[in-house]
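Residues per chain, in single letters:
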Amino acid sequence: MIEMKRFTFWLYLLLSVSIILAGCGEIYQNKWASFGMSLLTLIFMSLPFFIEKRL
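Residues numbered from 1 in each chain as written. Predicted model: local features only at pLDDT ≥ 70, side-chain atom pairs only at ≥ 80, totals over all residues. Heavy atoms only, no water.

*Asks:* How do you make sense of a nonpolar patch on the surface when you look at a structure like this?
*Replies:* There is a patch of nonpolar side chains on the surface, built from M37, L39, L40, I43, F44, L47, I51 and L55 and spanning about 830 Å² of accessible area. Position of L40 relative to the elements: it lies in helix α2 (residues 32-54). In this structure L40 comes out as partly exposed when scored by relative accessible area, which is 41%. (Patch = residues over 30% accessible without salt bridge, like charges linked within 9 Å, V, L, I, M, F, W, Y side chains within 5 Å. Areas by Shrake-Rupley, 256 points an atom, 1.4 Å probe, with all protein chains shown as cover. Salt bridge = Lys/Arg side-chain N within 4 Å of Asp/Glu carboxyl O. Helix = DSSP H or I, 4+ residues; strand = E, 2+ residues; numbered from the N terminus. Buried < 20%, exposed > 50% of the residue type's maximum accessible area, 1.4 Å probe, protein only.)

Structure representation (structure tokens):
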């Protein structure tokens with residue numbers, strides 16, 4: 001069980017960093033709609049972790 005949590009954490013971290021980098025690239029290119037989608041993706045991807053901690 002601990003190994004799965006560790007794997008999930010590193011996968012989440014890798015995906016988060018890639019989404020943040022993509023969002024920064026979208027800001028640089030002035031593509032605000034794509035940046036918004038990156039931000040929403042990051043928020044929705046984080047929701048299960050926040051809900052798990054609260055409940």
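*Asks:* Any chance you could explain the side chain of S16 here in plain terms?
*Replies:* Within the secondary structure, S16 is located in helix α1 (residues 2-28). Since its relative accessible area comes to 7%, S16 is described here as buried. Not counting the four nearest positions on each side in its chain, S16 is found in contact with L42 and M45. (Contact = heavy atoms within 4.5 Å.)

So far we have only geometry, and geometry alone does not tell us how the molecule works.
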